[in-house]
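Spelled out from the first residue to the last, the chains are:
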Amino acid sequence: MFLVAVILILQEILEAALLLSVLLAVNQQMGPHLAGTRKLTLHWYAAAIVTGIFGAALFAWAMPTVSEWFDYAGQEVINALMHLVVIGGLYTHCLLLQTNARQTPGPHIGAGVALIVVITLSITREGAEIFLYINGIMGTPTAVTPALLGAGLAGGIGISAGILLYYSLVGFSRVVTLRIGLVLLALFAGNMAAQTILLLTQADWMPYTPQLWDTTGLLTEYSVTGQLLYALIGYEATPSLAQAVSYVAAMLLLASTPLFRQSWR
Amino acid sequence: MRSIRQFLLLGALAVLTLFSFIAALRGYQSSMQEAETLFDTQLLDLSQLVANLDVGRVNNDFRLGNNLAFQVWEQQSLLGASHQAPAIDMTPRVQGFDFANFDGYRWRTYARFDEDQNRWIMVAERTDLRFVLAENVVLETVLPILLGIPVTGLLIWLIVSKGLKPLIQLSADLQQKPAHDLTPLQPRETPRELVPVVNAVNGMIQRLGAALEREKRLSADAAHELRTPIAALKIQLHNLAQEVDAHSDSFQQLEQGVERMGHLVEQLMALYRTSPERFDEACVELDLHALAQEVVARWYPLFDAKQQTLELLGDRCLLRGDPFALETLLANLLSNASKYTPEQGRVQVSVLRNADARVEMVVQDNGPGIAAADANHIFERFYRSEHGSHSVPGCGLGLTIVQHVAELHHAEVSVGPSDFGSGAAFRVVFPLQDPR
Amino acid sequence: MKRFRSLLFPMLIATSARAAAPELTLVIRDHLFFPSTLEVPAGQKVRILIDNQDPTPEEFESYPLNREKVIPGNTKTVVFIGPLEPGEYPFFGEFYPKTAQGKVVVK
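The rules we used
Residues numbered from 1 in each chain as written. Chains lettered and ligands numbered in written order. Predicted model: local features only at pLDDT ≥ 70, side-chain atom pairs only at ≥ 80, totals over all residues. Heavy atoms only, no water. Phe/Tyr/Trp six-rings, centres within 6.5 Å; stacked < 30°, edge-to-face > 60°. Buried < 20%, exposed > 50% of the residue type's maximum accessible area, 1.4 Å probe, protein only. Helix = DSSP H or I, 4+ residues; strand = E, 2+ residues; numbered from the N terminus. Lys NZ or Arg CZ within 6 Å of the ring centre and 35° of its normal. Axes fitted to C-alpha atoms, helices over the stretch in contact; angles between N-to-C directions. Parallel < 35°, antiparallel > 145°, perpendicular 65-115°, else oblique. Contact = heavy atoms within 4.5 Å. Buried area = accessible area lost by both parts, 1.4 Å probe. Salt bridge = Lys/Arg side-chain N within 4 Å of Asp/Glu carboxyl O. pLDDT = per-residue confidence, 0-100. Pairing = 2+ DSSP bridges. Domains from an automatic or database assignment. Disulfide = S-S within 2.5 Å. Left-handed = near helix turned anticlockwise from the far one by under 90°. Polar contact = N/O pair within 3.5 Å; in protein donor to acceptor, adjacent residues only side chain to side chain. Expected span 1.5 Å × (residues − 1). Bend = angle between axes of the 7 residues up to and from the residue. Core = buried A, V, L, I, M, F, W, Y, C linked by side-chain atoms within 4.5 Å.

**Describing the packing of aromatic side chains**
Okay, step 1: Counted according to the given criterion, the structure contains twelve aromatic pairs over all chains.
Okay, step 2: Aromatic side chains B:Phe102 and B:Trp107 sit 4.7 Å apart centroid to centroid with 5° between the ring planes, which places their arrangement in the stacked category. The residues B:Phe102 and B:Trp107 share a single accessibility class, namely buried.
Okay, step 3: When the ring of C:Phe33 is compared with that of C:Phe60, the centres are 6.4 Å apart and the planes differ by 80°; the resulting orientation is edge-to-face. Here C:Phe33, found in strand β2 (residues 32–34), pairs with C:Phe60, found in strand β5 (residues 58–62); they are 27 residues apart in sequence, far enough to count as distant.
Okay, step 4: By relative accessible area, C:Phe60 is classed as buried at 1%.
Okay, step 5: Three or more aromatic residues joined by ring pairs form one cluster here, namely A:Tyr166, A:Tyr167 and B:Phe7.
Okay, step 6: The ring of B:Phe99 has B:Arg108 lying over it, and the distance from NZ or CZ to the ring centre is 4.8 Å.

**Remarks on the packing of helix α1 (residues 2–30) of chain A against helix α4 (residues 109–137) of chain A**
All names here are of chain A.
Okay, step 1: The N-to-C vectors of α1 and α4 enclose an angle of 170°; their axes lie 10 Å apart at closest approach. The angle between the axes of α1 and α4 places the two elements in the roughly antiparallel class. Side by side, α1 and α4 meet where Val4, Ala5, Leu8, Ile9, Gln11, Glu12, Glu15, Ala16, Leu19, Leu20, Leu23 and Asn27 of the first sit next to Leu115, Val118, Ile119, Ser122, Ile123, Arg125, Glu126, Glu129, Ile130 and Tyr133 of the second.

**Topic: the interface of chain A and chain C**
Okay, step 1: Counting from both sides, the interface comprises 37 residues of chain A and, opposite them, 33 residues of chain C.
Okay, step 2: The contact between chain A and chain C buries some 3,100 Å² in all, and 58% of this surface belongs to carbon and sulfur atoms.
Okay, step 3: Applying the counting criterion to the chain A and chain C interface returns three salt bridges.
Okay, step 4: The closest approach of N and O atoms between A:Asp204 and C:Lys45, which form a salt bridge, is 2.8 Å.
Okay, step 5: For the side of chain A that touches chain C, the secondary structure elements donating two or more residues are α1, α2 (42–72), α3 (74–102), α4 and α6 (174–202) of chain A.
Okay, step 6: The greatest single-element share of the side of chain A that touches chain C, amounting to seven residues, is contributed by α2(A).

**Brief notes about the confidence of the model for chain C**
All names here are of chain C.
Okay, step 1: Per-residue pLDDT for chain C has a mean of 82; in total, 81% of the residues score no lower than 70.
Okay, step 2: Helix α1 (residues 2–8) is the least confidently modelled element of chain C, averaging 42 in pLDDT, while strand β4 (residues 46–52) averages 93, the highest of any element.
Okay, step 3: Contacts for the low-pLDDT stretch residues 1–19, under 50 throughout, to residues beyond four places or in other chains number 15 contacts.

**Examining the sheet that holds strand β1 (residues 68–74) of chain B**
Residue and element names in this part refer to chain B.
Okay, step 1: Strand order in the open sheet formed by five strands is β2-β1-β5-β4-β3, with antiparallel pairing between adjacent strands. Two strands close off the open sheet at either side, each with one partner strand: β2 (77–81) and β3 (96–102). Adjacent strand axes in the sheet meet at a mean angle of 30°, parallel and antiparallel pairs treated alike.
Okay, step 2: As paired strands, β1 and β2 are joined by four bridges and run antiparallel to one another. Along β2, the bridge assignment pairs Trp73 with Leu78.

**Overview of the pairing of strand β5 (residues 119–126) of chain B**
All names here are of chain B.
Okay, step 1: Judged by how many residues are buried, β5 sits mostly within the fold: eight of eight residues are covered.
Okay, step 2: Here β5 shows no split at all, with Arg119, Ile121, Val123 and Glu125 on one side and Trp120, Met122, Ala124 and Arg126 on the other all buried.
Okay, step 3: Both strand β4 (residues 105–114) and β5 contribute to a ladder of eight bridges, which runs antiparallel. Bridged to Tyr110 within β5 is Val123.
Okay, step 4: Where β4 folds back on β5, the antiparallel hairpin that results is connected by four residues, among which Asn118 adopts a positive phi of roughly 55°.

**Examining the domain arrangement of chain B**
Okay, step 1: Parsing chain B into structural domains produces domain 1 (4–148), domain 2 (192–271) and domain 3 (278–429).
Okay, step 2: Taken over C-alpha atoms, the centre of domain 1 of chain B sits 99 Å from the centre of domain 2 of chain B.

**Considering the state of the cysteines**
Two cysteines whose sulfur atoms are joined by a covalent bond form what is called a disulfide.
Residues and elements named next belong to chain B.
Okay, step 1: Taken as a whole, this structure holds zero disulfides over all chains when the rule is applied.
Okay, step 2: There is no disulfide at Cys283, and the cysteine sulfur nearest it, in Cys317, is 17 Å away.
Okay, step 3: Using a relative accessible area of 12% as the deciding quantity, one classes Cys283 as buried.

**Looking at the packing of helix α5 (residues 141–170) of chain A against helix α2 (residues 127–176) of chain B**
Okay, step 1: Remark: α5(A) packs on α2(B), axes separated minimally by 11 Å, with the N-to-C direction vectors making an angle of 40°. What the angle tells us is that α5(A) and α2(B) run oblique. Regarding α5(A) and α2(B), the two cross each other, and that crossing is left-handed. Residues A:Pro146, A:Leu149, A:Gly152 and A:Leu153 of α5(A) lie in contact with α2(B), whose contacting residues are B:Glu135, B:Leu139, B:Val142, B:Leu143 and B:Leu146.

**Side note on the interface of chain A and chain B**
Okay, step 1: Between chain A and chain B, the contact holds 19 residues from the first and 22 residues from the second.
Okay, step 2: Across the chain A-chain B interface, the total number found is zero salt bridges.
Okay, step 3: Between the two partners, chain A and chain B, sit one residue pair in polar contact (both at pLDDT 80 or more).
Okay, step 4: Elements that contribute at least two residues to the side of chain A that touches chain B include exactly α1 and α5 of chain A.

**Observations regarding the pattern of salt bridges**
Okay, step 1: For the structure on display, the rule yields 19 salt bridges over all chains.
Okay, step 2: A salt bridge links A:Glu15 to A:Arg125; the shortest N-O distance between them is 3.4 Å. On the criterion of sequence distance, the pair formed by A:Glu15 in helix α1 and A:Arg125 in helix α4 is long-range, its members being 110 residues apart.
Okay, step 3: The salt bridge partner of B:Arg130 is B:Glu36, with a shortest N-O separation of 3.5 Å. Of the two residues, B:Arg130 sits in helix α2 while B:Glu36 sits in helix α1 (residues 4–51), which places them 94 residues apart along the sequence.
Okay, step 4: Classification of B:Arg130 as buried rests on a relative accessible area of 3%.

**Concerning unusual backbone geometry**
Okay, step 1: The omega torsion of the bond from C:Phe34 to C:Pro35 falls at -10°, within 30 degrees of zero and hence cis.
Okay, step 2: Tracing the backbone shows C:Pro35 in the loop between β2 and β3 (37–40).
Okay, step 3: Phi at A:Asp71 is positive, roughly 55°, even though this residue is not glycine.
Okay, step 4: Looking at the secondary structure, you find A:Asp71 in helix α2.
Okay, step 5: Overall, A:Asp71 belongs to the partly exposed group, its relative accessible area being 28%.

**Here we look at α2(A)**
Residues and elements named next belong to chain A.
Okay, step 1: Taking 1.5 Å of rise per residue, 31 residues should cover 45 Å, yet α2 covers just 39 Å from first to last C-alpha, more than 12% shy of that figure.
Okay, step 2: Maximal helix bending in α2 amounts to about 65°, located at Met63; proline Pro64 follows within four positions.
Okay, step 3: Restricting attention to buried positions, one finds in α2 the residues Trp44, Tyr45, Ala48, Gly52, Gly55, Ala56, Phe59, Ala60, Met63, Val66, Ser67 and Tyr72.

**Remarks on the nonpolar core**
Looking at soluble globular proteins, one finds that nonpolar side chains tend to be buried together.
Okay, step 1: A:Phe2, A:Leu90, A:Leu153 and A:Leu185 are the most contacted members of the largest nonpolar core, which totals 82 residues.
Okay, step 2: One finds B:Val349, B:Val363, B:Phe379 and B:Phe426 within the second-largest nonpolar core, a separate group that totals 38 residues.

What follows is the structure, given as structure tokens:
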């Protein structure tokens, strides 16, 4: 049960931790250098994490009902919707960060709200699975200790990876941090889009599209590196055409924000 | 980076956690693999044992323990089996290891063909039980790594705190250093990394002190040098008054200009006459109230001319101070009060001991008061309020002198609203002094 | 554009799509899959009805099939797979992978 808990929780926590540290690093580099702007304080992030955890508990609790919606496609549809909102939230956040820098002093409320939406939904989506798993494990007393140990180990690895990513990002100059951070956010949006397509295909709401390539021989998705790359840039060993197209489209959407273009000028 | 301590603690802890946890995970995986091999070997041995059993005498009550099962087949007839074994082949008739589901569990199976007896021997072990068994052993080795992290975190925190102590001490020393204190820093312990910082700061303090001294001397010398030509100018002006129309506008303005220049030079002299080095020599025991009485009497005509009331409250207050400097201080406050208070206004001087038994001198008026925006700047040299009327003459040095003298006496100057509803109150609070 | 409309009217499309796909049932009991081998025709979309009869949740997961779905305890759910090339595609229950193992065999 230990390894199961490690893999399961690492999958979920790593993605959220990496996203959080990239957002923190980008925001950290926005504030003090631009006239009259202030950074979003840590309270915004804390609020987002707390609402995310509550959201995850709620989603886990409602899962049996949600599963049966739309002729058993409820889970996929709701998850796909959340993915789309996260992409929209990331886009809005980057857009408003830029507007904020040019106009009003102080943290931009819109950018803050978009940030909260992105983090909350990411944690809700990922966390619900952890809640369901832990809840199921509680019924098997012998499995509780190994599972909790596994959760601790996975949590430690996930959070440490997030901290190290954050410190490496803010270690660069402002422009480089913004460049790398925004590219990572764009890749993350691409990942979300590809997952949306996958979910809709799984629920048969989207037609099958042919598989583009198979890199399982090169790097399996379930290896540690594979998991890390999946969490960071949405690595997929066997992507379909629709997944690849949507991935690129979401990336281009993020790359179209003035902030992104400015960081590469 | 917001905090060095936070960065060192979180960075070190994150690196340590990441690598030790991944190592633990690797250890777990390889140990579990070892355990699997071990269990498989046992299963192999079990098949050997079963092959040598006299299966004819084994009935369905034969118990191996709940975690093990076996079957012995000869062609299609089941010669013997343990109680959980199914009625059909529990694994395909292929020599080797495999997995199978029966009796509500998943089993690791091993099948072997005994050529001597022409029999298939099949043995199985419950995967869940053997997995739990192995995991409990392996987890014992992972646990200390997990539990060690909080302890390590605490230790790193202590080490980082200890390492940062000289830096924190140095910044506290710098922060507590009063603005006029130009003595060099002397930290108790200076690690090698901080020596350049301390040296640089001390060098800067030294240069700053020298520059200030030069500036002072220059101003004082300049003021002193200007006195003679101004005096000469005044005599020339007096002589000129006999020759030209002394009531003409141009002449009046010329006279006022020379007057103002003289005043400025006097003020500059007053500002630099009282230097800290000479202060101790000039210090005597004096009664501030009596001193105030003298100054008030001397300045009374100025107030009378504007029909302003000037009152002095208070009682005998003894303190050590430079009488000439204190006179200048009060004179400047009075001149200020008169200037900024309209005709028929009210000015009050009080010299008292306050609730803390400290000597307090307050000069308050019922003029327009001081705008909040100005309150922070009025003691700066040559600062003149933009809010007040520019018609009021002055050079902007008066309050600087007040502050300078107060600082020499280690007194605190503050400005606030007066008790008269409108106007300003300047408050000079002297420190407690040992009665001698 | 047609695809966009299908997103707006999901029920219609889902119903019509389902009619075409052959259906298989996969039961989860005691953290085991029954049957543990699913035989599926090649080149066809297949609807798999997963019936979790355990009180605990399970997650159907397969890397080669690119499928991942949580099934809460005592509920059913549906996963569409394919069309697939002939071959073996293992799947497992992510919450109890030691016992919940199975494979899709495409012929």
